[in-house]
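Chain by chain, the residues:
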Amino acid sequence: MSKIRVGFGFDVHQLKTGHPFVLGGVNLEHHSGAFGHSDADVLLHAICDALLGAANLRDIGFHFSNKDDRWKGISSLILLEQVIALLAEKGWSVGNIDAMVCLEEPKINPHVPEMKTNIARSAGIDKDDISIKATTNEKLGFIGRQEGVVAYAVCLIEKSLL
């Protein structure tokens, strides 16, 4: 017998000209990038929040405060590894991750395989257990004006009860 839980995560970051754009641990070529305390990887932040929420371990800001210099500029792949370690301490393992990124540009489809490889390596799961999709905001709002990027994620975690 096992216990399963579902988690939901969301993240948003402002885009700034000349700033690196990291998504799923991949550096994307673009005139602007997400701005934040760490590498501002909205995809990984949403995934981390989904996993933490499913395990009832609060949120990414609780564990990796933007007031703490230890996390300044850090790769969010390292944050994901630490989230996985927190789940493992409580006996949880990841079943699957499904994520959606909402942005006008750049197009991420060519980079999805590398993103999945990065996430699978950091989360200790198979690439086939990770889904990454993208959509635009049809030129509407701050996303449509390319002022920001949003990511959503859901996950399933499980724990053996035996």
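Structural data are supplied above this passage.
The rules behind the values
- Residues numbered from 1 in each chain as written.
- Predicted model: local features only at pLDDT ≥ 70, side-chain atom pairs only at ≥ 80, totals over all residues.
- Heavy atoms only, no water.
- Helix = DSSP H or I, 4+ residues; strand = E, 2+ residues; numbered from the N terminus.
- Buried < 20%, exposed > 50% of the residue type's maximum accessible area, 1.4 Å probe, protein only.
- Contact = heavy atoms within 4.5 Å.
- Areas by Shrake-Rupley, 256 points an atom, 1.4 Å probe, with all protein chains shown as cover.
- Lys, Arg positive; Asp, Glu negative; His and termini not counted.
- Charge placed at Lys NZ, Arg CZ, Asp CG, Glu CD.
- Pairing = 2+ DSSP bridges.
- Axes fitted to C-alpha atoms, helices over the stretch in contact; angles between N-to-C directions.

1. As for the overall build of the chain
Here's step 1: Within the chain, the regular secondary structure consists of five helices and seven strands.
Here's step 2: Counting only C-alpha atoms, the chain reaches 50 × 35 × 25 Å along its principal axes.
Here's step 3: Sorting the 162 residues of the chain into buried and exposed places 46% on the buried side.
Here's step 4: A separation of at least 24 residues holds for 74% of the contacts in the chain among residues at least 6 apart in sequence.
Here's step 5: In the form shown here, the chain has an accessible surface area of approximately 8,200 Å², with 52% of it arising from carbon and sulfur atoms.
Here's step 6: In the chain, 16 side chains carry a positive charge and 20 a negative one; their mean positions are 5 Å apart.

2. Overview of the sheet that holds strand 7 (residues 148–160)
Here's step 1: The sheet built from five strands is open, its strands ordered 4-1-7-5-6 with mixed pairing. This sheet does not close on itself; its edge strands, each paired only once, are strand 4 (32–35) and strand 6 (130–135). Pairs of neighbouring strands in the sheet enclose a mean axial angle of 25°, with direction left out of account.
Here's step 2: Sheet topology places strand 1 (residues 2–17) next to strand 4; four bridges connect them, and they run antiparallel. Looking at the pairing, T17 lines up with S32 of strand 4.
Here's step 3: Seen against the sheet, helix 4 (residues 112–123) touches strand 5 (93–102) and strand 6 and runs at an angle of roughly 140° to strand 6.

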